[in-house]
There are 2 protein chains.
Amino acid sequence: MNKSIDVPSIKSQGYEQLLSYYLEELGKVGTSEVGLCRRPFTADYEKAAQMVATWMREHGLEVRKDEVGNVIGRIEGTNSQVKVIATGSHLDTVRGGGKYDGMLGVVGGVIAAGYLLKNYGQPEHSIEVIAFTGEEGSRFGGFLGSKWMAGALGEKDINSKDEKGISVKEAATALGYNLSEELIAVRKDIEAFLELHIEQGPVLEAAGCPIGIVSAITGMRQAEVIVHGRTDHAGTTPLNMRQDALLSAVKIIKALDACVRQSGGDTVFTVGQIDANPGSVNVVAERCAFTIDLRDPDPSKLSGLYEKCLEEARTQAAQAGVKIDWQEILTVEPVPCSVRLRETLAAAAKTVGLDCQPIVSGAGHDALMMAEIAAVGMVFVPSAGGRSHCSEEYTPADQCLAGVCVLAEAVRQLAYN
Amino acid sequence: MNKSIDVPSIKSQGYEQLLSYYLEELGKVGTSEVGLCRRPFTADYEKAAQMVATWMREHGLEVRKDEVGNVIGRIEGTNSQVKVIATGSHLDTVRGGGKYDGMLGVVGGVIAAGYLLKNYGQPEHSIEVIAFTGEEGSRFGGFLGSKWMAGALGEKDINSKDEKGISVKEAATALGYNLSEELIAVRKDIEAFLELHIEQGPVLEAAGCPIGIVSAITGMRQAEVIVHGRTDHAGTTPLNMRQDALLSAVKIIKALDACVRQSGGDTVFTVGQIDANPGSVNVVAERCAFTIDLRDPDPSKLSGLYEKCLEEARTQAAQAGVKIDWQEILTVEPVPCSVRLRETLAAAAKTVGLDCQPIVSGAGHDALMMAEIAAVGMVFVPSAGGRSHCSEEYTPADQCLAGVCVLAEAVRQLAYN
């Protein structure tokens, strides 16, 4: 067994500066008035993918692109009987996004693989660094690249259209890709997929902890709730004779929030959208629609709490004398990370001398799709102020490198004998 | 002193059918897909005004029009030393309105005056029945006719424009009216103005009471409240680390509602409008704006409660860690009805054998403006289901006539010696 990786040696070999340089360079490719915008199947995206391919080659990786535009850099292993240890993340951004979301996992993977190859030579397991395309839903639906790799990119995804009416298939074809069904080859040769990512939330920073080991990617239940009351004159209708849809919605939202808080744990609950009709200052609202977004990493807690919320909303509505429609929008099941990979990552953090803590990923990631075909593990580094998907997104260079060191040590433990 | 009016004799003389006929005929003049729409300074409005003028003449009233389009029917009194006893309401409608709001007070006044002239002869005080124009704000600002008569129609009102950019002055001029300032003659010759109106709320119907004697026209405070929080990812930000503008708004609204309900009495409080930004299902809202509409007939309670609401909102915002802007939109002071006219109307109800109860007018009426130049009193009759400003607006013919009888008896007591 090789000696574990050494942070001072990584720094002395200039990898920290290189990491910052890669992030800076990628941050220049795209358009947006505020923040970065680099959407899949665009000239900007292709340019960024080309830059990553070049860097991969400079570190000694063999590079190929698949038919959806994922860039895959590979170090061939000595043992063809064992499966691939893969890492990576995505190269596209939201509109007005930052320079770290996705990109850190891509260039961090390139640095980790390059460092390992240079310092430890050829691994037993092949190592792959993957730059996925279209993880954000900023042009089409999300997870295009990882869905393709997992064999989960269906007809519906391929025919979904952007705001100009261009489909995924048309956009891909225009750039020379071929999304034919017969070309989908579900990867069965990957043992583990490790994704390094910024937290996109405030937890690690607040805890002063440099490394989060993701326990699970949270599950999600989204619904639209429509409260049907009765419109009335705001001046002539006594309070106790109203069926006020807006006030009833307010009571329901407050009750649901209380219900979720009482349950404790990692659950988050958000009402992000609300709208009342007719929406006049002097008219009691007839209708009030709002959305709910409920997330928890525990499947049984999530579904139990969702049902409890529905029941609570019905109780509140009955008390207020209004009716509700509760329409489910989206259900995403939680994906637990591999226990073995969590242990490997925690051991890696300890080895390189970094504190770590378990954390739930409240957002979806490519690892979610890769879990269909491989064991997955995720490493989070802090996001300054918890900011993400905005131009303020930031993680200091030394904190980025800390994540890369944990990733590199974990890949070393998995890929080298 | 003459004998008091007699309901069976009014019925046997056919006034109930005539009242229904007038309301039906007026209900045919206007346009709207659902309900009635008759806006000031339109051909439809002029047609309705012409019909009313004709009916007035048929009952023996002398008719004139003033320069804003108010139709005034008059029975000259025997004593030129005493002031006018006036009644009436408005002839315009909201968009999609009903057949009773305003019109009942106009044609009810015509019937009452006609019945009195026919059965009691010439009064001591001159009696006027006024059909006001533009009380609803359906084309320009409201109260055009009664403001004109009270000398309160200012430059701002006259230059206000409809949705096509036509000003009040232009619309009036096109129909031959002349809204020159020098023609404004504030009426100083009116002793009392009595307005018969549908309640536009559910109180009388629920109480099973045919007559409401208005104690005051409510005062109103309207404001827009903007809650400033922080936008965050709905998945990655723990509940206790958020500054959720929408959830904070919900807590503030619930607290304000509780604050108003605790105060008891006639106060009504409405949040009719709410809007959150960015307004996405999976994003914690950065900003949430809502309106409040607070009404009470007691000036000191209204202003005290308004201040208490503002304080409560600030307390709630501070607890939630968000900031609020509180912008006043509109202040209307309450207008108490004349105690003498309330007593006269209550006595009139008793005389004609009808139960009555005091009631607050939660909406504005022409009486609000007429209070500037005369003592005012109002009689309400029930609105079926409390509905108004909609095609379902309805008051049965016998309930309409009951209001006319109370009005006629009160005018008799005031105008005849």
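One can find the structure itself at the top, above this paragraph.
Worth saying up front: this structure is predicted, and the values here are computed from it rather than measured.

Asker: Let's hear about the interface of chain A and chain B: which residues, and what values?
Answerer: With 49 residues of chain A at the contact, the number on the chain B side is 49 residues. Within the residue set of the side of chain A that touches chain B, elements represented by two or more residues are α8 (203-207), β8 (232-233), α9 (245-263), β9 (268-270), β10 (274-277), β11 (283-284) and β12 (287-296) of chain A. Considering each element in turn, the side of chain A that touches chain B owes the most residues, 8 residues, to α9 of chain A. Here the side of chain A that touches chain B is built from residues that sort into 22 nonpolar, 19 polar and 8 charged.

Asker: Tell me about the packing of helix α2 (residues 15-26) of chain B against helix α13 (residues 397-415) of chain B, residues and numbers included.
Answerer: All names here are of chain B. α13 packs onto α2 with a crossing angle of 105 degrees between their chain directions and a minimal axis gap of 10 Å. With respect to their mutual orientation, α2 and α13 come out roughly perpendicular. Two secondary-structure elements touch here, α2 through Glu16, Leu19 and Ser20 and α13 through Ala397, Asp398, Cys400, Leu401 and Val404.

Asker: Which residues make up the relation of the copies chain A and chain B, and what are the values?
Answerer: Turning chain A through 180 degrees and shifting it by 0.1 Å along the axis lays it on chain B, with an RMSD of 0.1 Å. In symmetry terms, the pair is related by a two-fold rotation axis. Interface overlap between copies: 100% of the residues of chain A at the interface are likewise at the interface in chain B, consistent with a symmetric, same-surface contact.

Asker: Give me the pairing of strand β4 (residues 127-132) of chain B: which residues, what numbers.
Answerer: Residues and elements named next belong to chain B. Among the 6 residues in β4, 6 count as buried, and that is most of the element. Burial along β4 is two-sided: Ile127, Val129 and Ala131 and Glu128, Ile130 and Phe132, pointing in opposite directions, are all buried. Relative to β4, strand β3 (residues 84-90) is paired through 6 bridges, and the arrangement is parallel. For Ala86, the partnering residue across the bridge sits in β4 and is Glu128. A crossover connection joins β3 to the parallel β4 through helix α4 (residues 103-120); in handedness this β-α-β unit is right-handed.

Asker: Hey, could you go over the packing of helix α9 (residues 245-263) of chain B against helix α10 (residues 299-320) of chain B for me, with residue numbers and the actual values?
Answerer: Residues and elements named next belong to chain B. α10 packs onto α9 with a crossing angle of 145 degrees between their chain directions and a minimal axis gap of 9 Å. Taken as a pair, α9 and α10 cross one another with a handedness that is right-handed. Residues Ser248, Lys251, Ile252, Ala255, Leu256, Cys259, Val260 and Ser263 of α9 lie in contact with α10, whose contacting residues are Leu305, Lys308, Cys309, Glu312, Ala313, Gln316, Ala317 and Ala320. Split into classes, the residues belonging to the contact of α9 with α10 amount to 10 nonpolar, 3 polar and 3 charged.

Quick notes on the rules
- Residues numbered from 1 in each chain as written.
- Chains lettered and ligands numbered in written order.
- Predicted model: local features only at pLDDT ≥ 70, side-chain atom pairs only at ≥ 80, totals over all residues.
- Contact = placed C-beta atoms within 7 Å.
- Helix = DSSP H or I, 4+ residues; strand = E, 2+ residues; numbered from the N terminus.
- Nonpolar A, V, L, I, M, F, W, Y, C, P; charged D, E, K, R; others polar.
- Axes fitted to C-alpha atoms, helices over the stretch in contact; angles between N-to-C directions.
- Parallel < 35°, antiparallel > 145°, perpendicular 65-115°, else oblique.
- Least-squares fit on C-alpha atoms with pLDDT ≥ 70 in both.
- Buried ≥ 20, exposed ≤ 12 C-beta atoms within 10 Å, placed from the backbone.
- Pairing = 2+ DSSP bridges.
- Right-handed = clockwise from strand over helix to strand, strands pointing away.
- Left-handed = near helix turned anticlockwise from the far one by under 90°.

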